[in-house]
Amino acid sequence: MAMKNPFQTYQQNAVTTSSPQELTLMLYNGCIKFIRLSAMAMEKKNIEAKNTNIIKAQNILQELRGSLNMEIELSESMDSLYEYMISQLVSANINNDASKLKEVEELAEEFRNTWKTAMEQMK
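This is a predicted model, so every value here is computed, not measured.

What counts and what doesn't
Residues numbered from 1 in each chain as written. Predicted model: local features only at pLDDT ≥ 70, side-chain atom pairs only at ≥ 80, totals over all residues. Heavy atoms only, no water. Phe/Tyr/Trp six-rings, centres within 6.5 Å; stacked < 30°, edge-to-face > 60°. Helix = DSSP H or I, 4+ residues; strand = E, 2+ residues; numbered from the N terminus. Buried < 20%, exposed > 50% of the residue type's maximum accessible area, 1.4 Å probe, protein only. Contact = heavy atoms within 4.5 Å. Expected span 1.5 Å × (residues − 1). UniProt positions renumbered as here; feature names shortened; annotations may be inferred. Core = buried A, V, L, I, M, F, W, Y, C linked by side-chain atoms within 4.5 Å.

A. Structural detail: the packing of aromatic side chains. For the structure shown, the criterion picks out two aromatic pairs. Look at Tyr28 and Phe111: their rings are 6.3 Å apart centre to centre, the planes differ by 50 degrees, and that puts the pair in the tilted class. Taken together, the residues span a long stretch of sequence, with Tyr28 in helix 2 (residues 20-43) and Phe111 in helix 5 (residues 98-122) at a distance of 83 residues. Taken individually, Tyr28 and Phe111 each receive the classification buried, so the pair is uniform in this respect. Seen in terms of ring centroids, Tyr82 and Phe111 are 5.9 Å apart; in terms of plane orientation they differ by 85 degrees. Their pairing is edge-to-face. Of this pair, Tyr82 sits in helix 4 (residues 73-95) while Phe111 is found in helix 5, placing the two residues 29 residues apart along the sequence. As far as burial versus exposure is concerned, Tyr82 and Phe111 are alike and both buried. Chaining the aromatic ring pairs together yields one cluster made of Tyr28, Tyr82 and Phe111.

B. Region of interest: the environment of Asn53. Considering the arrangement of structural elements, one finds Asn53 in helix 3 (residues 47-66). On the basis of relative accessible area, Asn53 is assigned to the buried category, the value being 10%. Separated by 19 residues in sequence, Asn53 and Phe34 place their C-alpha atoms 5.0 Å apart. With near-sequence residues (within four places) excluded, Asn53 lies in contact with Phe34, Leu37 and Ser38.

C. View of helix 5. If you check helix 5, its first and last C-alpha atoms are 36 Å apart, about what 25 residues at 1.5 Å a residue would give, namely 36 Å. When helix 5 is considered as a whole, its buried residues turn out to be Leu101, Val104, Glu105, Leu107, Ala108, Glu109, Phe111, Arg112 and Met119. Summarising the contacts, the buried residues of helix 5 are in contact with helix 2, helix 3 and helix 4.

D. Structural detail: the UniProt feature "coiled-coil region" (unreviewed entry) in the protein. Mapped onto this numbering, the UniProt entry gives "coiled-coil region" (unreviewed entry) at residues 94-121. Taken end to end, residues 94-121 is 93% helix and 0% strand, and its first and last C-alpha atoms sit 40 Å apart.

E. Summary view of unusual backbone geometry. Even without a glycine there, the phi angle at Lys45 is positive, about 60 degrees. Its place among the elements puts Lys45 in the loop between helix 2 and helix 3. Note on Lys45: relative accessible area 69%, which makes it exposed. Despite not being glycine, Asn96 has its phi angle at roughly 50 degrees, a positive value. Residue placement: Asn96 occurs in the loop between helix 4 and helix 5.

F. How the structure looks around the nonpolar core. Formed by 23 residues in total, the largest nonpolar core has its most connected members in Cys31, Ile35, Leu61, Tyr82, Met85, Leu89 and Leu101. Those elements that provide at least two residues to this core are helix 2, helix 3, helix 4 and helix 5. Residues within four places of Tyr82 in sequence aside, it is in contact with Tyr28, Leu61, Leu64, Arg65, Leu68 and Phe111.

If you want it as structure tokens, here you go:
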């Protein structure tokens, strides 16, 4: 019987015991991480790693889009921004455009920082 990786166990426990607010913060952090990994892979001309990490970032943005409550006015704007970010990632992937990755990374960082500030203010 194979032993579980302690880090994977820790990550799984962190996800299952986190609040929805903390999970959203984790999603933003993951998105930023995968965009940065994509940029590094792009720089090294590692097409497979670039593509894999961009798709992971896109999937996270799709998850964030799916979590929006469209009854709230702000959600429409957020939905449009997430859609724009996803389209920029697709374009960055197709055209090997690091500037588009950077733009999406900056937007994701801004959202993450705003979300983190809001969480701190709610405590």
